[in-house]
Amino acid sequence: MSKPSYRIITHGNCTDGFSSAFVVKKYFNILFGTQLSAQELQKIDIWSVKPQSLPAIKCTAQDLVVDLPQPEQRVFFWCDHHLTTKPQGKLPQNYFWKAEPSCAGYLLTLAEERGLVMNEELKAFKKAIDIKDNAEYTPKDIEECFYAQKDYKNPSPLLKMHMIDSLFDTRDPALNEVIFRGLLREELGETPLSSPVIWQLNPLFFHRAHLENYERWRKHVDTYVVYHVDIKTVVQDDRKVTFSKGVADRFYVYMKFPQASYSVNLRYDKEDDAVRFGIGSNVFHKERCKVNIGELCREVSEQFGSSGSGGGHYAVGGVSVKTQFADKALELILEKLKKG
Ligand SMILES: [Mn+2]
């Protein structure tokens, strides 16, 4: 009888989702005490999905679900770190949840408990993905990762993770998916920072395009972004413009309005006929965040969206609401942020 073939289901289009799948595949034998051969490890399939699409997948007992909500079916392994997926009560064996900065970092900790030796590269990778997924940037980090640099001779691990992210954060969803899954299906190095298959694609080209797109976006957003002094909140309502330019730089508003506590952005999502909200607290001043934004997003989704369409972390979150309720949802969000 052939051994079961495993499948890793991870958060698509996301560096932490990518890194989580990477860690699980690379350190599979350490994590699970198995002795799969290189060939068997190679056969592990990788799926990338949006959190809201997970229920549509029929998961099996050979699935490993990472950086995503708990699936309905019993799976081989589940690991997440989002506040909104916090489980109630005791978890079954091989299920893990902890409020860690990143899922990939949490997985590395689990692997370390099972014998993985954290060398310098692994530590640098963990630190970078923790900063990136939990938005723990300093203004200097932002300067390095979101604005063009004089040269790229010595990129920091954090900048390298941004370059990798640029590979599957292009404006072409099909390309993103092909690259995201394709890279993870190849033979992996110790971490993404040193995986030959990733660097063969020359991420710097993708990153430079990304930076150019950030610049176009910043110039365009300057024409309609609004700062509400009384709520200390920046509102970027993309419904006000008929087109978008470039690629969103989600930290720009805090470079432009350093006095802000929160920012809210909203855009119409044609594909789902819904309005997608992103809410965040000032990334450089998280101490100003007095509202549990992940909770707020969940609340908003229950009132104006569908359950499961909203969530996130304490200081950042997202929610999708029905188009006709978008103004009401914005009103509620601003009211809550004002009180907070
Ligand atoms: Mn994550």
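Placed above this text is the structure.
Worth saying up front: this structure is predicted, and the values here are computed from it rather than measured. (Residues numbered from 1 in each chain as written. Predicted model: local features only at pLDDT ≥ 70, side-chain atom pairs only at ≥ 80, totals over all residues.)

A. Layout of the pairing of strand E3 (residues 63-66). Where burial is concerned, the two faces of E3 agree: the one with Asp63 and Val65 and the one with Leu64 and Val66 are both buried. Two elements, E3 and strand E4 (residues 77-80), share three bridges in a ladder whose sense is parallel. Bridged to Leu64 within E4 is Phe77. (Buried ≥ 20, exposed ≤ 12 C-beta atoms within 10 Å, placed from the backbone. Helix = DSSP H or I, 4+ residues; strand = E, 2+ residues; numbered from the N terminus. Pairing = 2+ DSSP bridges.)

B. Broad picture of the sheet that holds strand E10 (residues 305-312). The strand order across the open sheet built from six strands is E6-E7-E8-E9-E11-E10, with neighbouring strands paired in mixed fashion. In this open sheet, the two strands that pair with only one neighbour each are strand E6 (226-228) and E10. In this sheet, adjacent strand axes meet at a mean angle of 20° when their direction is disregarded. Alignment of E10 against strand E11 (residues 316-322), held across four bridges, turns out to be antiparallel. From the neighbouring strand, Gly311 faces E11, where its bridge partner is Gly318. (Axes fitted to C-alpha atoms, helices over the stretch in contact; angles between N-to-C directions.)

C. Here's a closer look at the sheet that holds strand E5 (residues 95-97). The sheet built from five strands is open, its strands ordered E2-E1-E3-E4-E5 with parallel pairing. For this open sheet the edge positions go to strand E2 (45-49) and E5, each flanked by a neighbour on one side alone. Recorded for the sheet is a direction-independent mean angle of 10° between the axes of neighbouring strands. In the packing of helix H4 (residues 103-113) onto the sheet, the strands contacted are E3, E4 and E5, and the crossing angle to E4 comes to about 125°. (Contact = placed C-beta atoms within 7 Å.)

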